[in-house]
Amino acid sequence: MKSIEDYVKLEPQYYRYVLANYQELFVQKFAELDTSKIDNVVIYATGSSANAAYGALPLMSKVLGMPVQIEEPSIAENYLLKVKQNTLCIAISQGGHSYSVVKLIERLQATGHAVFTLTSELTSPVARVSQNVLTMGMPVEEMPYVSAGYSIEILDLMIIALTIAQKEQRLTTKEFNQYLAELRTIAQNLPDVIRRASEWVARQLPSFVTAKRLMFIGYGAAYGVSREGETKTTEAVRISSWGKELEEYMHGPYLGLTADDFIICLEPNGKLQKRADLLKQFLDKHVNNIYTIYANDARNKQGHDLSLGIETDELLTALFMTVPVHLLAYSLSKEHGHDLQHSAYPDFDEITSSKI
Ligand SMILES: N[C@@H]1[C@@H](O)[C@H](O)[C@@H](COP(=O)(O)O)O[C@@H]1O
């Protein structure tokens, strides 16, 4: 079975495929649909798929010029099923076996709502119940702790939003092509990101391996990255972890810090960089291990920080900022001796049927 690291290394190839085939994957799927009345988007996803949606959300909302929100499928199905008439409903389940997503799609369709389901497994329970399936443009990820699938979901969601925005003339063809060109540039630079991230992980691993708790703080598109940091650290490293939004962290969670925490700040070089710098000024006084991963670079970068060297729109940074987070989780899980190929708790799904 391929590892998390193997899949991270496949990301440039998968990005190239989606960018070469976006017409068949997405543009043609929405061509026949009347998208003129859509006035908001709701994305239903859980775990890494929800994190990916948070990474894509700021760009989606900007280019579509409408509210985009993310809902937990179980809460939506059981308590929030009052979807507005003109909502574009998108359900995501990479593997296609998530019980809560299957139930939600069934309930939405039964109440007359069209749902577009994004998945990589076309024979899965999620795909089988869905009336409108969108394929992610990559093979099914064998490794249950996904990395490439999460990143491809971000790219897919961005292209879906760009497609509808262009169709509805919210973006000119020139603007649409400029976005695509920028996505291609990021894909081309991905091997360099992977190299920088691998070297950084190898250098910092002896320190990170001592961490009892690992926290990720991000804002904007990097909020999705911080959530994914929490998911992967919890699932693969199996130590305590938080993934917070910058201001959310400042409104309480900071009170729970301890000097031996490890904190990774995710800096997309965006509009809240000064706020993040102030938080780091405070954290530096109280916490021993503060790291920053920069999308591009910074003058106040410290020796143990990581620069990914990509100058781009902050709204696109979730496409590559998770690479070091995934590689760190993978290396730490190996250091901790976890076997990610076999379930840690084989009785879990037997009892709960959380994956069907
Ligand atoms: N532990 C896994 C997560 O790692 C995964 O992200 C989530 C969603 O999976 P999917 O996108 O296939 O629905 O399911 C499980 O809970």
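All values reported here derive from a predicted model rather than from experimental measurement. Each chain has its residues counted from 1, following the order in which its sequence is written. Side-chain atom pairs in this predicted model are given and counted only at pLDDT of 80 or more, local residue features only at pLDDT of at least 70, and totals for whole chains, interfaces and linings cover all residues. Hydrogen atoms and water are omitted, and side-chain values are computed over all heavy atoms in the structure.

Novice: For this particular structure, what's the right way to read the site of the ligand?
Specialist: Whether a residue is near a molecule or strand is decided by its heavy atoms; if any one of them lies within 4 Å of it, the residue is near. Taken together, Thr46, Gly47, Ser48, Ser49, Ser93, Gln94, Gly95, Gly96, Ser98, Glu235 and Lys355 form the complete shell of residues around the ligand. N or O atoms closer than or at 3.5 Å make up a polar contact, with two conditions inside protein: a donor-capable atom paired with an acceptor-capable one, and, for residues adjacent in sequence, both atoms drawn from side chains. Here an oxygen atom of the ligand sits 2.8 Å away from a polar atom, N or O, in the side chain of Glu235. The Shrake-Rupley method, run with a 1.4 Å probe, gives the accessible areas here. Residue values count only the displayed protein chains as cover. Within the complex, 79% of the 390 Å² of free accessible area of the ligand lies under protein. Classifying every residue of the shell around the ligand by side-chain character gives no nonpolar, nine polar and two charged. Classification convention: Asp, Glu, Lys, Arg as charged; Ala, Val, Leu, Ile, Met, Phe, Trp, Tyr, Cys, Pro as nonpolar; all other residues, Gly among them, as polar.

Novice: Can you help me understand the sheet that holds strand β8 (residues 262-267) in this one?
Specialist: By definition, the strands of a sheet pair up through backbone hydrogen bonds, in either a parallel or an antiparallel sense. Overall, parallel pairing links the five strands, which are arranged β7-β6-β8-β9-β10 in an open sheet. The open sheet terminates on both sides in strands that have one partner only, identified here as β7 (240-245) and β10 (306-307). Note on definitions: a residue-residue contact is assigned when non-hydrogen atoms from the two residues lie within 4.5 Å. Fitted lines through C-alpha atoms give the axes, limited to the stretch in contact for helices. The angle between two N-to-C directions lies from 0 to 180 degrees. Only DSSP runs of H or I with at least four residues qualify as helices, and only runs of E with at least two residues qualify as strands; both kinds are numbered from the N terminus onward. Here helix α7 (residues 173-208) sits on the sheet in contact with β6 (213-218), β8, β9 (289-294) and β10, set at roughly 175° to β9. DSSP calls a pair of strands paired once it identifies at least 2 bridges connecting them.

Novice: What's the story with the packing of aromatic side chains in this structure? I'm lost.
Specialist: Ring pairs (aromatic) are described by centroid distance and by the angle formed between their planes. Two rings from Phe, Tyr or Trp (for Trp, the six-membered ring) form a pair when their centres are within 6.5 Å of each other. A pair whose planes differ by under 30 degrees is stacked, one over 60 is edge-to-face, and the rest are tilted. Scanning the model with the defined rule gives nine aromatic pairs in all. Every member of this aromatic cluster is reached through a ring pair, and the members are Trp200, Phe208, Phe262 and Tyr291. Should the NZ of a Lys or the CZ of an Arg lie within 6 Å of a ring centre and within 35 degrees of the ring normal, that charge is described as sitting over the ring. The ring centre of Trp242 lies 5.0 Å from the NZ or CZ of Arg213, which sits over that ring. For the cation-ring pair, Lys244 lies above Trp242, with the distance from its terminal atom to the ring centre recorded as 5.5 Å.

Novice: Help me understand the sheet that holds strand β1 (residues 40-44) in this model?
Specialist: Strand order in the open sheet formed by five strands is β2-β1-β3-β4-β5, and the pairing between neighbours is parallel. Each end of this open sheet is capped by a strand with a single partner; those strands are β2 (68-71) and β5 (132-135). With direction set aside, neighbouring strand axes in the sheet form an average angle of 25°. When strand β4 (residues 115-119) meets β5, the two strands line up parallel, connected through four bridges. Its bridge partner lying in β5, Thr119 is registered against Thr135. Where helix α2 (residues 48-64) meets the sheet, its contacts fall on β1, β2 and β3 (87-92), and the angle it forms with β2 comes to roughly 165°.

Novice: Whenever I open this one, the UniProt feature "domain: SIS" (unreviewed entry) in the protein confuses me. Can you help?
Specialist: Per the UniProt entry, the sites bearing "domain: SIS" (unreviewed entry) are residues 30-170 in this numbering. In residues 30-170, the share of helix is 45% and the share of strand is 17%. The end C-alpha atoms are 15 Å apart. UniProt positions are given in the numbering used here, feature names are shortened, and annotations may be inferred rather than shown by experiment.

Novice: What exactly am I supposed to notice about the environment of Leu328 here?
Specialist: In this fold, Leu328 is placed in helix α11 (residues 318-335). C-alpha separation for the pair Leu328 and Leu279, spaced 49 residues apart in sequence, amounts to 23 Å.

Novice: Is there a simple way to explain the pattern of salt bridges in this structure?
Specialist: It is possible for side chains of opposite charge to pair when their charged atoms get near one another. Any Lys or Arg side-chain nitrogen found within 4 Å of a carboxyl oxygen on Asp or Glu counts as a salt bridge. In this structure the tally under the stated criterion is 15 salt bridges. Arg275 serves as the salt-bridge partner of Glu247, at 2.8 Å between the closest nitrogen and oxygen. Here the residue Glu247 occupies a position in helix α9 (residues 246-250), and Arg275 occupies one in helix α10 (residues 273-286), the gap between them amounting to 28 residues. Summary of the burial criterion: residues with accessible area below 20% of their type's maximum are buried, those above 50% are exposed, and those between are partly exposed, where the area comes from a 1.4 Å probe applied to protein chains only. Looking at Arg275, the relative accessible area reads 36%, which means it is partly exposed.

Novice: What exactly am I supposed to notice about the nonpolar core here?
Specialist: Among soluble globular proteins, nonpolar side chains are generally buried collectively. Each nonpolar core is a collection of buried residues, namely Ala, Val, Leu, Ile, Met, Phe, Trp, Tyr and Cys, held together in the definition by side-chain atoms within 4.5 Å. Counting 98 residues, the largest nonpolar core has Ile43, Leu183, Ile264, Leu319 and Phe320 as its most contacted members. Per-element accounting of this core gives the leading share, 14 residues, to α7. Setting aside its immediate chain neighbours within four residues, Leu183 contacts Leu19, Leu155, Met158, Ile159, Leu162, Leu316 and Leu319.

Novice: Can you walk me through helix α4 (residues 99-110) in this structure?
Specialist: For α4, built from twelve residues, the straight-helix expectation of 16 Å at 1.5 Å per residue is met to within 8% by its first-to-last C-alpha distance of 17 Å. Within α4, the full set of buried residues consists of Ser100, Val101, Val102, Leu104, Ile105, Leu108 and Gln109. Those residues of α4 that are buried lie in contact with β1, α3 (73-79), β3, β4 and α5 (125-129). Among the residues trailing α4, Gly112 stands out with phi positive, at a value near 85°. Helix span, as expected, comes to 1.5 Å for every residue beyond the first.

Novice: What exactly am I supposed to notice about the pairing of β6 here?
Specialist: Successive residues of a regular strand alternate their side chains across the two faces of the sheet. The buried fraction of β6 amounts to six of the six residues, a majority that puts the element mostly inside the structure. Residues of β6 alternate between two faces, with Arg213, Met215 and Ile217 on one and Leu214, Phe216 and Gly218 on the opposite face, all of them buried. Both β6 and β7 contribute to a ladder of six bridges, which runs parallel. Note that in β7 the partner of Gly218 across the bridge is Glu245. Relative to β8, β6 runs parallel, the two sharing five bridges. Bridge pairing links Ile217 to Cys265 in β8.

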